Amino acid sequence: MRDPECLFCKIVHKEIDSTLVSESERALAFRDINPAAPTHVLIIPKDHLVSVRELTTAHGELIGEIFELAAQIASDEGLEDYRLVSNVGPGAGQSVFHLHFHVLGGRSMSWPPG
Ligand code: 5GP
Ligand code: ZN
């Protein structure tokens, strides 16, 4: 359930400080330490999972909570448009290997991402 070496597990267990945005039974949302947009929030499961690659139908409640949190955060932050991103693997930009979704908004964004 927890990886003792994992940065985001340490955030879940309050061993590393973060700016909490909101929380549900299974998920936590906090501000990215190096924001890439005026709103940049990370939503993570409280239990350790490496990436979306591990998600199955067994994680249905967790997935629902994460997407509800994303919509609530976007609404609270006044975001009409926003981007919800999960990088899978280093080649796609993943640098922390605890599943997270980026909620990015507050500026215009281009496509495709770099
Ligand atoms: P990834 O590159 O894995 O998709 O995203 C990891 C994100 O975690 C990055 O945007 C990075 O700025 C953020 N991050 C890394 N270390 C910390 C930290 O200690 N606290 C917070 N709040 N965010 C972090
Ligand atoms: Zn972890």
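Residues numbered from 1 in each chain as written. Chains lettered and ligands numbered in written order. Predicted model: local features only at pLDDT ≥ 70, side-chain atom pairs only at ≥ 80, totals over all residues. Heavy atoms only, no water.

## Examining the coordination of the zinc ion (ligand 2)
Binding of the zinc ion (ligand 2) to the protein goes through C6 (SG), C9 (SG), H48 (ND1) and H98 (ND1), at separations of 2.1 to 2.3 Å. Classification of the site at the zinc ion (ligand 2) as tetrahedral follows from its four donor atoms and the range of 106 to 116° in their angles at the metal. Positions of the donor residues of the zinc ion (ligand 2) along the chain correspond to the pattern C-x2-C-x38-H-x49-H. One end of the pair, C9, is in helix α1 (residues 7-12); the other, H98, is in the loop between β4 (82-85) and β5 (101-105), with 89 residues separating them in the sequence. Of the two residues, C9 and H98, neither departs from the other in class, the shared state being buried. (Donors = N, O, S within 2.8 Å, 3.2 Å for Na, K, Ca; no water. Tetrahedral: all angles 85-135°; square planar, octahedral: opposite > 155°, others 65-115°. Helix = DSSP H or I, 4+ residues; strand = E, 2+ residues; numbered from the N terminus. Buried < 20%, exposed > 50% of the residue type's maximum accessible area, 1.4 Å probe, protein only.)

## A word on the pairing of strand β1 (residues 20-23)
Across three bridges, the pairing between β1 and strand β2 (residues 27-31) is antiparallel. Residue pairing across strands places L20 opposite F30, the latter belonging to β2. Counted between consecutive antiparallel strands, the loop separating β1 from β2 contains three residues. (Pairing = 2+ DSSP bridges.)

## Regarding the pairing of β2
β2 sits mainly inside the fold: four of its five residues count as buried. Pairing of β2 with strand β3 (residues 39-45) involves five bridges; the strand directions are antiparallel. Bridged to F30 within β3 is L42.

## Looking at the nonpolar core
Grouped together as the largest cluster of nonpolar side chains are 13 residues, with contacts concentrated most on A27, I43, I66, I73 and V103. For this core, the secondary-structure elements that each account for two or more residues are β2, β3, α2 (60-76) and β5. No other element matches α2, which puts five residues into this core. In terms of nonpolar packing, the next biggest core, distinct from the first, is built from 10 residues, F8, C9, L42 and V96 among them. (Core = buried A, V, L, I, M, F, W, Y, C linked by side-chain atoms within 4.5 Å.)

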